[in-house]
Each structure stands twice: as C-alpha cells, then as structure tokens.
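Here is what each chain is made of, one letter per residue.
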Protein chains: 2
Amino acid sequence: MIDNHDETGTFVLKRTSKFFPRRSWRSWLIGRPLPTADAPHQTIGKAVGLAVFASDALSSTAYATQEILMVLAIAGSGAFGYAFPISMAIVLLLVIITLSYQQTIHAYPGGGGAYIVARDNLGELPAQTAGAALLTDYILTVAVSVSSGVAQLTSAYPEWFRYRVPIAVGMVLLVMLVNLRGVRESGITFAIPTYFFLVMMVFTTGYGMLRFFMGTLGSVENPPSLEVEHIVGAITPFIILHAFSSGTTALTGVEAISDGITAFKEPRSKNAAITLLWMSAILGTLFLGITFLAGQVHAIPSEAETVISQFSRTVLGGRSFLYLATITSTTVILMMAANTSFADFPRLGALHAGDGFLPRQLTYRGSRLVYSYGIVTLAVIASMLIILFKASVTALIPLYAIGVFLSFTLSQAGMSRRWRKIGRLQPEEEVQERGSILRYETGWQLKMLINGFGAFCTFIVVLVFAVTKFQDGAWIIVILIPVMVYIFFTIHHHYKKLANSLSLENYGSPPRIERCRVILPISGVHRGSLAALRYARTLSNDITAVHVSTDLEESEKVRQRWEKWGEGVRLVILESPYRLMLEPLLAYIEEVASHNQQDEILTIVVPQFVPRQRLHNLLHTQTAFLLRQALLFKPGIVITDVPYQVE
Amino acid sequence: MIDNHDETGTFVLKRTSKFFPRRSWRSWLIGRPLPTADAPHQTIGKAVGLAVFASDALSSTAYATQEILMVLAIAGSGAFGYAFPISMAIVLLLVIITLSYQQTIHAYPGGGGAYIVARDNLGELPAQTAGAALLTDYILTVAVSVSSGVAQLTSAYPEWFRYRVPIAVGMVLLVMLVNLRGVRESGITFAIPTYFFLVMMVFTTGYGMLRFFMGTLGSVENPPSLEVEHIVGAITPFIILHAFSSGTTALTGVEAISDGITAFKEPRSKNAAITLLWMSAILGTLFLGITFLAGQVHAIPSEAETVISQFSRTVLGGRSFLYLATITSTTVILMMAANTSFADFPRLGALHAGDGFLPRQLTYRGSRLVYSYGIVTLAVIASMLIILFKASVTALIPLYAIGVFLSFTLSQAGMSRRWRKIGRLQPEEEVQERGSILRYETGWQLKMLINGFGAFCTFIVVLVFAVTKFQDGAWIIVILIPVMVYIFFTIHHHYKKLANSLSLENYGSPPRIERCRVILPISGVHRGSLAALRYARTLSNDITAVHVSTDLEESEKVRQRWEKWGEGVRLVILESPYRLMLEPLLAYIEEVASHNQQDEILTIVVPQFVPRQRLHNLLHTQTAFLLRQALLFKPGIVITDVPYQVE
C-alpha cells in the first residue's frame, strides 16, 4: 500500500481495505467487523413499523395494571374498584399525548425526538434536560421490562423465583450482546414477537370479556396473598393520585415513533402518524380491557405471581398450553421493549456527544457499526439497578416514567413555541431553522393550543409523580436529572474552551524555533544512554547530560565512564542528599526551561530500556513515565523517549 | 543553583541541599526526611548488645513450651510429662548451635549472616536458598510474635479475645510505622523492655522454683479446658518428634548476633561472642525453668489462656499486680521481636537486591533512611497471615522455624567448607575471598567438625520438621522456598541479560545518524497540530503528516485546512473503512520504518493536548499513549510528545 506513494505531491489518499481489525475473542462473540459502507438505509411500511416501534409501549400493559393495584392495596382490597376509573383517566391522557405527537410527526419529518424539538425551539438547557430525562428513563425501561419479564416467567415457574436476580441480569447481558452484534433490523425479527403478543393478548382479553358477559368468568383460584405491610384502611386523594402516576407507566414508549420517522416508507410523516394512531388505539384498548378483567377476577397484586398471570389463567382455565403461550409472549415482548432502549439510549448519547455535551467517544461506532460504549454503559447501569432493587418491578417503578413525562412536557412546550413563531410569519414566508423549515400555516392557533395543552397535562403528571412518589424513590431522579445536566454543561464548557484554544482564527504563527537545547538524564553510562545520546546529537549541539547522585562513589564512576564515552558532551551531576531521584532532575529542568526564549525549545531525551516481557518493567523504576507526567504541564518542554530494546 | 553553571567545562557537580522533599501527609506520619549523611555509625557494648539482639530469641520462651504441650495433648494430658525431657533435648541443640555460631562470629567479624556465609563458601544456589528461607521466617516471626503477644493480652483481659485479629493487625501496622520513621536505635529503647522482661521472668521462675521446693506451689486454679478434637490416647515417637519440632521455635533468633557483629564495640568479634554465650545461657535456663514449672502447676495448653499466663498467676498468687507486670513485659518483648524482623527482613531483601536477585528498588532507602519497600511488604504479608490464620499461634507454628533451621544448616555447612579450604592452605598463607580473608589456622579439623556437626544436627531438625508438620502447614513452606529461589534466579537472569546488552564492552559505536524522517499523526488541523509541526521542522525536512479518515467529508476539510496551514508539508490520508484509528497508523509507520537504514531514524511526533484538569483526559482518546505502547518494541522508532497546554 506504500508502493503508490507519491513522493512529489503534497497530498496522498490511501484507499485500502487492508485495515481490517485483528480477529480475537471479540469477533467470535459479536461477529466479524462491518465496514462503514454497510450502514442500513432500508425503510419499512406501517405494519412492520408498528411491530418495530410498539413493543415498548404495548409491553407496559404487562405491569401498569398491577402497579395501580399495588398502590391501591394500601387502602385495602376494597379500594381495587378505583383501578378502572384511574385507567380511564390514563387513557384520556394517552389521547392528549397522541394528538400532540401527531403534530410533532408532521412538523419534524426528519425525526422529532424531545431532545431535538427542545433544542430547536427552547434552547440548550431545556434540550439537555429533556435528554437527561430520557437517558435515565431508557435505563429504567431496561430494568423494569426485564424485571417484569422475569416476574412473568416466575409466575409460571415459581421454583425459579429465588434466581430472579441472576436470570434478569443474564437477560440484560444477552440483549447487550445481541445489540453489540448490531443485528440488522430485518422487520421480521420484530414482527413475529410483537404480533404474537398482540394475538395472544387480544384473544385472552376478548375471550375474558366473552366469559364475563356469559357470567362464567369466576375469580382467581388460589390467589397469592396480599403483601401489604400496613393497611391504611381508607382511600385518600393522595393514594388515588399515587395509583394514577404508577399507572402512567403504561404510556412510556409512545414517543418512540416520533424519534424514528425516517425509518418509514414515503410519505413517511403520514405513514408514521397512522402507525402512531394504531398503536395508541391498541394500547388504550388492551390496557382498559386488562384492568377491567383483572378487577372482575379479583386479581391480587403480588411479587410472587403477576396480575397478567392470574388474569390469564383464570380466563383460559388454569395453567394450560394457551396460558403458557400468553405468558411467553408477554415475556418476549418485554425483552423486545428492553431491546428498544438499547437502540435509543446509545443513539441519544451519540447525539449529546455530537453536540459536545457528552464525551466524544460516544459518537464512535464499534466494529459492528453500533455505538458500543453506549450499549455497554446501559447494560452495566441497568444490571446494577436490577441487583440493587432485587429485580422487583414495584421497587423500581417510583423511579420510572418521570423522565419520559418530563421529556413529553419539554417536547410539547417546544412544539407550542414553534407554532407561536409560525404564527408570526407572513403567509408564504419561509424560515430555515436549525432542524427544520418554518413555513406559515393556517390554524396554527389551534395547533399551538393542542401542544400547549399536552405540555400542561404532562407537566401536571410530572408534578403528581414527583410529589406522590418522592419518598419511594422518585427523589433519586429529581436529584439525578439536574446533576446530569450540570455534568453535560461542564463537558460542553470544556470542549468549547478547547476548541477556542485550538482555533486557528487570529492565529499569528509563532516564530520558527531557532534554538533547541537538549537535556539527557542518565542513570548510568551504557548502551541505552549512548543510544539516547546518539539521537540527541541529531537534535542539537547544546546537549547537557544530567545524572542524579545519591552515592558519590557511584557518581565518580559515571563521570569517568562519561569522559570516555560521552563524546565531550557536558555532564552535570546533581547531588541528592535526600536520595530523591525525580525531584532534583525536575528542579534542574525547570530552572533551565525558565530561561527559554520564544524561539527556543527544550527537549528532554530520556533513555528507556524496554524489556521483552512487560512484567519485567516491575524490576525497573519508570523514570521516563514519571518524568512525562510531571513535565506535561510545562510549556516549551518536549519529552522524547529513546527506547532501547533489550534483546 | 544554576548560577554556578560552568559553561566551558564538561563536568559540573552541583552540591546543594535544596532538593528537600515536599512536605505531605507522609512527613507528618513518618517524620521529616533525613539526609544520607545521617546514617548511624554508633557502636554498642555487651549489655546493650544483649538487649538489642536478644529480644527475638528470648521472646520465643513465651510460646515454645505451650506449643510442645499443644502437640502432646493429642496423646492426652498424661503425656505432658514428656515436655521437660523434650525441652532438654532442645537445649542440647541450642548448645550445639551456639558453639557453631561462636566460630562464625570469629570468622566473619564483618557480619556473618547465613546468606553471606553460604554465598562465600557454597555458591549462589545455597545462598539464595538460605536467603529465601530466612525471608519467609522473618515474616513468620512477625506473625507469630504479634499473635502470641495478643494472646498474652487476651489471657489477662479475656473480653478482648474476640478482637484479637484487628488488635494484632493494628500492632503490625504500628510496628511498621515505627520502622518507617526509622527510629535511631538508641540502645536504651531496647534495653528497657528487654531487661524488664528478663527481670520479671527470672523473678517469676525463681520464685516458682522456691515455692516448688517449699512444696507450696499448687496447681492452676480454674485452668482453661483442653481443646483437643481427637485424643489418640497413646504416645508415639511421631508425637514426640512433632512436639520436639514445635519446641525448636524457642531457638529462632539465636542467629541474630552473627548478623550484627559490626554494631559491637571493638574487639567486636569477642564482644559479640560473649554476648551470644550470655544470651544462649539465659535462653536455655528460662526455657527449661518455664517448661519444668508449667508441668508442675499442670498448665493446660489453650488458645484462651496462654501457658505463661497460667504459670505466672499460679506462681504469683492470682491476677495480682506482679502477674500483670509479667504479662505486660512478655507482650512488650514479643513486639520487640517483631520489630527486629522489621530491621532484618528489609536489610536482607536489600542484600538480595544488591546482588541482583530481587528488584533493585529494594535497595532504595526512603526519606527516613530505611528500606521502606521492604518494611511495607513485610507488614502486608504478615498481616495477611494473621488474618488468614485468625491470629492463632498454634495454627501459625507449623510454618515457622523451618526457614531458620534451613538457614542454620546452610550457614554451618558453609563454615565447615571454609575450614576445609583453610586446612588446605600453607601455614602463613593468606587468601582474599569475596567476603573475608582466609588464613591458615591450627585446629581447623576440630572447628570443621563442630560446624559440620551443627550442620548435621540442624539438618536433621529440618527433616523432622518437614515430615512431622507437613500436613499441618509446613508443606506451604516446602513449596514456597523453591518457588522463591526460582523467582530470585529469574530476576537475576533478567538483570544479567540486561547488563550484558547494555554493556559497553566490545561496543562498536554505530554510525552517526545521518537521516531523520518524521511522521506527524494529526486528528485535525489546529493549534495543537501546528505546534507539533513547528517542532517537527526542527528535526528534519522530511516530514509526512498522516490523518486517519473514518469519514471522507471530514477528511476533505482536513485536507483543505492543511493546504492553508501545513507549510507545504506532505499529507497522507489513510482511509479506514472499519473505523479503526490506531491500526492503520501503526501499519503505515511500520511500513515506513521497515525501509530504515542503519544511519536512519524515524521520529513520530505526536501532538497531545493537555487539559488543565486530569479528569478531563477522559473526554479525549489517548492516542499518544496508545501509540507509545504499541511502538515501544520497534527498534529505530522514537516517539516524541509535543504537549499543547490548553489554557
């Protein structure tokens, strides 16, 4: 590849596919590397789109009803009757959010996630807040979905209950591996589990309704016992609001389609919008149906057996094959939901990093074209949460959904601000803004109202959330999000400062370096130090060898040997009465460097012998390394290692 | 200090006391640094010498009797009667060893530790074996002495028994700190505790004998219960030999004086020899007395209360003030014994290191003029042993004393070899050997016999030891010593090879470097890379800037900016389809370097920006560091960082 080196030109481009990564255990685990050109550009239709984007939203029906009942249980099992009205309120909220997002989808055909909408319309602080909120929520999606999936499994196989934490962590790692492989989303891999779940759920719910109307439904046989430590006795508005906010977890994942509009076939906005409508309709219906039937069969919220399990075995007549199919489909869709976060979290992280609010390394796509750092980070934090909260959905739920509702609020507020700006335009006027084109539209007032109302409602939910669940764990998120935003801005500040100080604007070329002095620290006179001397002579004629002496007899030997071998180069011996090696050298170097002129540079040439085995480094003091660490911060000093390979 | 720089001469010696180490938490903990000139040269007389060197040997009387009884207990308490005859055999062994060492002291007035005697007379392998044996034994001296000291304490204060492990570890750390401070051995600090112990022990034993002869001695009141899991019932030769080898721990520390002859006043050999005689006499008497009286009062070996405690409270009439004084003096002398190891272990380690059998860093004396690395190593390993063996003397004892007896054997064998050499000399003939002067002596035959007999007896003890205690833990030492010797020789091999390959013998100066090429890897065109370019121009006119491209649009920008700012230097863009950064660069560098001639060198100039805060490094890929790691092993390549400080 060097053969076509063009010795005369000043610019050479090497096109080659030679730089193929080395094979290792990693390629065995995650597959052979993929070239950049392999990035997918495939688009999907509505039916597949529903499968790809709905798993997160639909899977929440697996735990939302149970979590409502879990809260109501504080007021005794008599309060379970409130669950259905509460779920109707939640479906109303779903309608509002769906209408809001319809408008976002049309306004941002290039993808309108909360981060982008907030950034373009509200500014950096709201955008970073929305981003931080979403990032925490993606982590909780993984923890909650996987924990709930394991809870479904252990409902069918109670003997596995004691292993739920290792099973859950194992599942997270499995999903991580799948994502590190970067499986091409072939549509079909999503369609099968999603439609399997849909069919099973629609069938179970429909059959349940049928039996309800025929009066043959009955109650759960051998229900688990109610595990409430302390029953208050009377229902209070606080308990109802608390139950409501637990139930809103059903709405997590509704935003997914607005993030991924570009994946749809043209006309993409229209296709995406129709898919969103379908998804919301199915979600609302399923959620209402499950909550209603769970009430009718007197399901009991419990860690030992999920409400879904109780409800479906009652409807389907015991632990039959159909029951197992329902439980399996629920577990699988919950895994798919976790998988969705593994795509969203790293992508959002890369967006932050691209804007300079997270370490730039997060924009790096690994050998399989996925954002490997983000994937691993997500898996590690989610696993830690699962271990910490013992894979209990009920324990995790107070941390969940605040983030997503905060991002709903910011996104809708951003949209409403956008309509306001559009309203101020002249008809036919077009303005190019960061992410999208603003064009006058009639009826902007109504649209502003819809988004504004959406923002208002979701904001109220955030407040209800923060207040009713504060003690149970929401405080963690309330503290975490501002801390994350602070860190994001600190990082951003660093990158901006760096860019400024590296910028070539107003860059007056400093004078050419006219004088180069060399200091050559030597511990003894041997082939290594002479190799360094040989190199130093190519740099300058002003060389000073420096030896730190802790033993004057030893130093006298060094002096004599240097007289013989040192080619007449000046030797300075620094006496170190306190047996320090580095400090006298540093003091000497700094003293010499302090006389540096603008056109002068001081080079420290450090002989370093390199043992063949890395372990052997333990047998030597790492002067070169320590010197570099100490001198890195001094301007006008350059450090050069001259390695001497010991054969 | 640079003012007196002599610009014309080729050799400058800077004498200065400026290089005083920075003050830190360390100077608060271990005291202000001491200059090399402060090393002590004080000598001591016989009385102080006894105090300084006897603590290790005398303190072993605190546990030797108990450990004999502990073994005999296997055969039931009826077997305790064998303890006294066994201890007489041990005292006989003491006499043999003392006679042997008398000769060593006269032959090696400069200090005749086993390592030196074996090295000078037997060769490297026996010397390293003796050294390894002693090093393990010093560690066990610390663990056993401190554990026994704590056992004395908890005999007086049983409520502390459950805290014995933390107390013991705390004591080790305390002794470590004292030694890191490098307290000047003022003699008096040793004399007080040693003579305090001597007085208390002589008094207690003497008073006990008096009461025995008057028939008023009686038995231990409320003795602890016998804690033997499984009583064999009949005494066997194996049990007797086992008890004997446990008892030989009384003789550890006898070698101390022969190591430290130089500390004595002139005539040092004579003074040291007399001190050794005194020490052995006291040790033998005390040991016999304690064993005899422990038998008479029917003391029971136990982890809960030491035999010393039972014996002294019986003699002194209950837990009186005198009893407490005896226990305290015993605890203190045991700490002094541990302290002795903290001087011996690092000194022996430094000897090994000086000969190139351990990392050279061990010869480095810290700010307080002590071998800090060795002190810390000893404390860490001893603490680990204490934790592992739960501060139980009985559990530790099978590992103990093999080392010291192995070193006795090698040392005496070395001496006997020496006499043989002397016997072959002509009268009046003198031969200078490594460590000492060989001169013909009459009566060398007898002396050879004495040392040979000493070697033989101690060797038998080593065998008895290894066999009878193998299962109980001696196997650890039997494996460990050869492993250590192997490691020592591996290290030695490395240093020898290094010295050879650095040696200037037969060193034909390689040709002067005539051509220097430069490769300048750049990630972008900014002040950092231009600073590196500016430096590179001082090195060579043959410079190639290299940019690895994972994004061709980005690279086109780099190209354009380089055309503007690159001062006409050639730019090579390496396309990396698999998004690898380092590998394409390395492949290019190696390709270029492979064309290097003898008089050519390739310098890689790496721009590196240095953020003010170290934490910020997390926000950048450490290309410079990774490049250095990868290229260190390639000859003919020099790596230069040009740091660019971000203000």
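Bear in mind the structure is a predicted one, so any value in this text is a computation, not a measurement. (Residues numbered from 1 in each chain as written. Chains lettered and ligands numbered in written order. Predicted model: local features only at pLDDT ≥ 70, side-chain atom pairs only at ≥ 80, totals over all residues. Heavy atoms only, no water.)

(A) Here's a closer look at the environment of Asn 541 of chain A. Residue placement: Asn 541 of chain A occurs in the loop between α19 (527–539) and β5 (542–549). The sequence separation of Asn 541 of chain A and Cys 516 of chain A amounts to 25 residues, and the corresponding C-alpha distance is 8.4 Å. (Helix = DSSP H or I, 4+ residues; strand = E, 2+ residues; numbered from the N terminus.)

(B) Looking closely at the environment of Ala 256 of chain B. All names here are of chain B. Counting through the fold element by element, Ala 256 comes out in helix α10 (residues 256–259). The exposure class of Ala 256 is buried, given its relative accessible area of 6%. Ala 256 sits 146 residues away from Gly 110 along the chain, and the two C-alpha atoms are 14 Å apart. (Buried < 20%, exposed > 50% of the residue type's maximum accessible area, 1.4 Å probe, protein only.)

(C) Molecular detail of the packing of aromatic side chains. Residues and elements named next belong to chain A. For the coordinates displayed, the defined rule picks out 22 aromatic pairs over all chains. A centroid spacing of 6.4 Å and a plane angle of 35° characterise the contact between Phe 405 and Phe 465, whose relative ring orientation is tilted. Taken together, the residues span a long stretch of sequence, with Phe 405 in helix α16 (residues 402–424) and Phe 465 in helix α17 (residues 444–468) at a distance of 60 residues. The same class applies to Phe 405 and to Phe 465, which are both buried. Over the ring of Tyr 495 we find Arg 360, and its NZ or CZ is 4.6 Å from the ring centre. Note that Arg 418 overlies the ring of Trp 419, its terminal NZ or CZ placed 6.0 Å from the centroid. (Phe/Tyr/Trp six-rings, centres within 6.5 Å; stacked < 30°, edge-to-face > 60°. Lys NZ or Arg CZ within 6 Å of the ring centre and 35° of its normal.)

(D) Looking closely at the environment of Arg 570 of chain A. All names here are of chain A. With respect to the helices and strands, the residue Arg 570 is situated in strand β6 (residues 570–575). The class of Arg 570 is buried, set by a relative accessible area of 12%. For the pair Arg 570 and Val 558, spaced 12 residues apart in sequence, the C-alpha to C-alpha distance is 13 Å.

(E) Representation of helix α6 (residues 124–156) of chain A within the structure. If you check α6 of chain A, its first and last C-alpha atoms are 48 Å apart, about what 33 residues at 1.5 Å a residue would give, namely 48 Å. Among the 33 residues of α6 of chain A, 30 are classified as buried, and the element is accordingly described as predominantly covered. (Expected span 1.5 Å × (residues − 1).)

(F) Spotlight on the nonpolar core. Leu 72, Val 146, Leu 251, Phe 342 and Phe 405 of chain B are the most contacted members of the largest nonpolar core, which has 139 residues in total. In contact with Leu 72 of chain B, other than residues within four places in its own chain, are Ala 79, Phe 80, Tyr 82, Ala 83, Ile 86, Ile 235, Ile 239 and Ala 243 of chain B. Ranked by size, the runner-up nonpolar core spans 138 residues in total, among them Leu 93, Ile 97, Ala 133 and Leu 140 of chain A. (Core = buried A, V, L, I, M, F, W, Y, C linked by side-chain atoms within 4.5 Å. Contact = heavy atoms within 4.5 Å.)

(G) Summary view of the pairing of strand β8 (residues 637–645) of chain B. Within β8 of chain B, eight of the nine residues are buried, which leaves the element mostly enclosed by the surrounding structure. In the sheet, strand β8 (residues 637–645) of chain A pairs with β8 of chain B via three bridges, with the strands oriented antiparallel. If you follow Ile 639 of chain A over to β8 of chain B, its bridge partner there is Asp 641 of chain B. Note that strand β7 (residues 600–610) of chain B and β8 of chain B share nine bridges and pair parallel. Residue Ile 604 of chain B lies in a different strand from β8 of chain B, and its bridge partner there is Ile 639 of chain B. (Pairing = 2+ DSSP bridges.)

(H) Structural detail: the domain arrangement of chain A. Domain assignment breaks chain A into domain 1 (46–493) and domain 2 (515–645). The C-alpha centroid of domain 2 of chain A is placed 62 Å from the C-alpha centroid of domain 1 of chain A. (Domains from an automatic or database assignment.)

(I) Up close: the pairing of strand β7 (residues 600–610) of chain A. All names here are of chain A. Among the 11 residues in β7, 10 count as buried, and that is most of the element. In this structure, strand β4 (residues 515–521) lies alongside β7, joined through five bridges in parallel fashion. Looking across to β7, one finds that Val 518 is bridged to Thr 603.

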